[in-house]
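Reading the structure
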There are 2 protein chains.
Amino acid sequence: MANRSSRGSSAPTLKDLARLAGVSPITASRALHRPELVAEATRLRVAQAAEQSGYVPNSLAGGLASRQTRLVVAIVPSVGHSLFSDMLDALITALAAQRYETTLGISHYDPQHEERWLAVMLSRRPDGVVLTGTEHTARTRRLLLNADIPIVELWDYTPHPLDVAIGFSQEDAGRAAFRHLWACGYRRPAILRSDDSRAQRRAQGFLRAAAEADAPEPAQVVFPESSPQAGRGRDALDALLARARDADAVFCSSDALAQGVLAHAHALGLSVPRRLGVLGFGDQVLAADSIPALSTVRVDGAHIGRLGAEALIARMSGGAVIPAQDIGFKVVARASTLRDARPPSA
Amino acid sequence: MANRSSRGSSAPTLKDLARLAGVSPITASRALHRPELVAEATRLRVAQAAEQSGYVPNSLAGGLASRQTRLVVAIVPSVGHSLFSDMLDALITALAAQRYETTLGISHYDPQHEERWLAVMLSRRPDGVVLTGTEHTARTRRLLLNADIPIVELWDYTPHPLDVAIGFSQEDAGRAAFRHLWACGYRRPAILRSDDSRAQRRAQGFLRAAAEADAPEPAQVVFPESSPQAGRGRDALDALLARARDADAVFCSSDALAQGVLAHAHALGLSVPRRLGVLGFGDQVLAADSIPALSTVRVDGAHIGRLGAEALIARMSGGAVIPAQDIGFKVVARASTLRDARPPSA
DNA sequence: CTGTTAGCGCATTCAT
DNA sequence: ATGAATGCGCTAACAG
């Protein structure tokens with residue numbers, strides 16, 4: 001059933017296919033992409049010809065002619081964090097279901113990198129763009145505006161999105177984190193976080209909530225963004241205890257970090273959650289409720305990915321071209337889903 | 001400094017740019033992409049014109065004309081596992097350094113999905129393809145052969161790669177895992193793994209090594225592939241203990257799983273590594289040496305990604321077109337890097 | 001160092 | 001339901 005495809009040398013084109021099927025190129029094209037416009041018989045003949053010749057469409061030519069690429073550009077800070085990888089999986093899969101493909105850029109939490117990715121990627125004439133957060137360089141904004149394509153900004157809530165924004169308030173999440181720990185009876189909660197901007201904003205919310213509760217200012221350990229968060233658990237916890245011996249709970253900037261902290265707390269003989277409350281952030285720790293001692297600020301990365309794909313597809317497929325305001329932006333804050341609180345005896 | 005770009009309506013093309021700079025289109029093209037062929041003065045004029053007009057190249061047209069897209073297709077089983085996400089990050093970053101962009105497909109460990117992704121992605125005329133593993137459908141192979149582009153298969157060692165393969169022997173890794181546990185004095189090591197094919201092959205090696213050591217056949221708990229491996233720790237360990245109460249060590253198919261097992265072991269009051277040896281797989285657990293009780297079969301996903309990019313770039317940039325045999329395939333097995341072994345007293 | 005000619009492979013528009 | 005003509009925006013191959 002296999003074959004050498006073309007008798008000559010290069011890959012068969014639509015023209016070859018048409019000749020083989022005994023129709024004109026445009027009919028062959030329609031048979032492939034808009035079968036409803038073509039007689040069933042010819043559709044079949046073209047399909048057979050395609051199969052037999054091993055025809056592979058050239059979407060460069062197609063895109064050039066139709067000004068539609070079915071390509072989406074996504075730029076994320078990292079693929080190593082479960083939040084983003086969950087999101088990416090959902091995003092890519094949901095887009096693929098509508099025959100969109102995704103080209104990926106990794107910004108490493110740097111708006112300059114984002115700009116560089118975007119600048120080169122726009123030349124592929126994507127039908128849509130997915131960005132993370134709302135911090136972009138001026139040139140990024142300009143490029144995007146000139147490109148005039150749908151844009152979705154994920155993870156952050158903002159009243160002034162470039163186009164559509166889907167996310168939640170990091171500040172509120174941080175606030176909720178503090179209040180949870182406070183309500184559980186912890187009086188010296190601290191923050192363990194990486195230095196990315198979203199974690200920073202959560203920390204701000206946390207501090208503010210502490211101030212509002214007339215609590216002493218929470219200690220904060222900040223470490224550079226890097227892949228193995230779990231590995232940071234030991235260092236971060238040690239650093240905290242060295243600085244604030246009386247800390248009785250920690251708000252971690254990721255679930256992986258929380259796991260690492262948990263392991264190290266065990267090693268140190270600190271009982272969790274009695275001596276130390278550990279609060280994660282994300283959707284991993286509680287995914288299977290397997291670690292009852294931990295609680296987490298739950299954020300569903302996959303959900304954000306799905307919503308993002310949905311919004312982008314809606315914008316891209318035009319139909320009724322919905323202005324940004326019509327779609328608005330959904331605040332997907334599951335930060336209130338705090339669980340497994342246990343009154344400590346500290 | 002910003003501007004509305006085009007005075008008319010649609011985005012400026014190379015022709016517009018050329019007119020603005022007072023040169024022919026082809027000269028403008030060269031000024032942009034092959035500056036060494038052009039007088040510095042004209043290069044500058046073109047650059048200014050580009051800046052001023054907000055020109056964005058159209059790589060669809062460019063690719064169509066030049067038969068070069070600087071696009072690479074990568075298909076991975078998952079982006080949620082640290083091994084793959086580390087690899088992806090390294091791969092994408094290394095390719096980007098040579099101005100290649102990456103389109104991502106997610107196979108969810110299914111060769112059929114891989115085939116579907118490939119079939120559509122090939123129509124973008126990528127310059128190269130990165131696949132995971134060596135199990136592909138017949139049509140996948142056919143498509144790839146007809147496409148006639150460089151291919152890199154990652155993670156598995158095989159004497160018969162489609163083109164270039166970079167990986168290691170999963171079997172050997174499994175063997176090494178068993179031997180490590182055995183050498184540490186564990187006499188009833190078991191396997192906790194997901195049901196993907198590479199983990200399965202590692203298990204085979206593990207079992208074989210056990211047979212060679214005249215050990216009883218290790219118990220095996222297999223669970224379906226799914227995102228939150230860490231969450232599986234509890235269920236998997238419980239299942240194991242229910243079935244094989246005397247198991248004294250576990251070989252986990254991922255580091256995340258190992259972490260989950262560790263946490264649950266703590267919860268059950270099983271001391272690690274005394275009562276239970278826990279062996280991970282990957283590059284996370286020991287990344288910061290933060291959890292001394294665990295050991296791991298170390299595999300460096302990022303390294304595989306870098307090597308993969310390197311190999312692919314070598315093949316793509318042609319120059320001397322190196323046949324597969326010349327490049328060969330590198331066996332990157334760091335499975336022997338077993339550490340933190342502690343003689344248990346079981 | 002620069003320009004001319006031609007065509008990459010396909011889909012749009014308008015016919016029929 | 002099918003076809004003919006035209007052009008999408010760019011670069012290769014040659015010329016000068």
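For the structure itself, look to the data block above.
For the structure given in this document, a descriptive report is provided here. (Residues numbered from 1 in each chain as written. Chains lettered and ligands numbered in written order. Predicted model: local features only at pLDDT ≥ 70, side-chain atom pairs only at ≥ 80, totals over all residues. Heavy atoms only, no water.)

Points about the protein's contact with DNA strand C
What surrounds DNA strand C is a group of 24 residues, the closest being Leu14, Ile26, Ser29 and Tyr55 of chain A together with Thr27 of chain B. Take the atoms of DNA strand C that sit within 4 Å of the protein: sugar and phosphate atoms are 64% of them. In this structure, a base nitrogen belonging to DNA strand C sits 3.3 Å away from a main-chain N or O atom of alanine 61 of chain A. By residue number, the principal contributor to the surface near DNA strand C is helix H4 (residues 59-66) of chain A, which donates four residues. Per-class residue counts for the surface near DNA strand C are 13 nonpolar, nine polar and two charged. (Near = heavy atom within 4 Å. Polar contact = N/O pair within 3.5 Å; in protein donor to acceptor, adjacent residues only side chain to side chain. Helix = DSSP H or I, 4+ residues; strand = E, 2+ residues; numbered from the N terminus. Nonpolar A, V, L, I, M, F, W, Y, C, P; charged D, E, K, R; others polar.)

Section: the pattern of salt bridges
Scanning the entire structure with this criterion turns up 28 salt bridges over all chains. The partner of aspartate 246 of chain A in a salt bridge is arginine 188 of chain A, and the shortest N-O contact between them spans 3.2 Å. In this pair, aspartate 246 of chain A is assigned in the loop between helix H10 (229-243) and strand S8 (249-252) and arginine 188 of chain A in the loop between helix H8 (170-183) and strand S6 (189-194), connecting sequence segments 58 residues apart. The exposure class of arginine 188 of chain A is partly exposed, given its relative accessible area of 40%. Note that arginine 201 of chain B is salt-bridged to aspartate 156 of chain B, the shortest N-O span being 2.9 Å. Note that arginine 201 of chain B is positioned in helix H9 (residues 197-212) and aspartate 156 of chain B in strand S4 (residues 151-156), a separation of 45 residues in sequence. The exposure class of arginine 201 of chain B is partly exposed, given its relative accessible area of 23%. (Salt bridge = Lys/Arg side-chain N within 4 Å of Asp/Glu carboxyl O. Buried < 20%, exposed > 50% of the residue type's maximum accessible area, 1.4 Å probe, protein only.)

Regarding the environment of proline 150 of chain A
Residue and element names in this part refer to chain A. Its place among the elements puts proline 150 in the loop between helix H7 (138-147) and strand S4 (151-156). Taking the relative accessible area as the measure of exposure, proline 150 reaches 10% and is therefore buried. Expressed as a C-alpha distance, the spacing of proline 150 and threonine 93, which sit 57 residues apart in the sequence, is 19 Å. If sequence neighbours within four positions are ignored, proline 150 has contacts with Asp127, Gly128, Val129, Asp163, Leu312, Arg315 and Met316. (Contact = heavy atoms within 4.5 Å.)

Structural notes on the relation of the copies chain A and chain B
Least-squares fitting of chain A to chain B yields an RMSD of 0.1 Å, with the superposition described by an axial translation of 0.0 Å and a rotation of 180°. Between the two chains, the operation in question is that of a two-fold axis. No C-alpha of chain A approaches the rotation axis more nearly than that of threonine 103 of chain A, which lies at 2.1 Å. (Least-squares fit on C-alpha atoms with pLDDT ≥ 70 in both.)

Some points on the interface of chain A and chain B
Facing 51 residues of chain A, the contacting portion of chain B comprises 51 residues. Here chain A and chain B share an interface that buries about 5,000 Å² over both sides, 57% of which is from carbon and sulfur atoms. Three residues stand out in chain A for area buried against chain B, namely Leu60, Glu101 and Arg124 of chain A, and they jointly supply 15% of the buried area on that side. Where chain A meets chain B, there are two salt bridges. The salt bridge involving arginine 124 of chain A is made with glutamate 101 of chain B; its shortest N-O contact spans 2.8 Å. Taken together, chain A and chain B are joined by 16 residue pairs in polar contact (both at pLDDT 80 or more). (Buried area = accessible area lost by both parts, 1.4 Å probe.)

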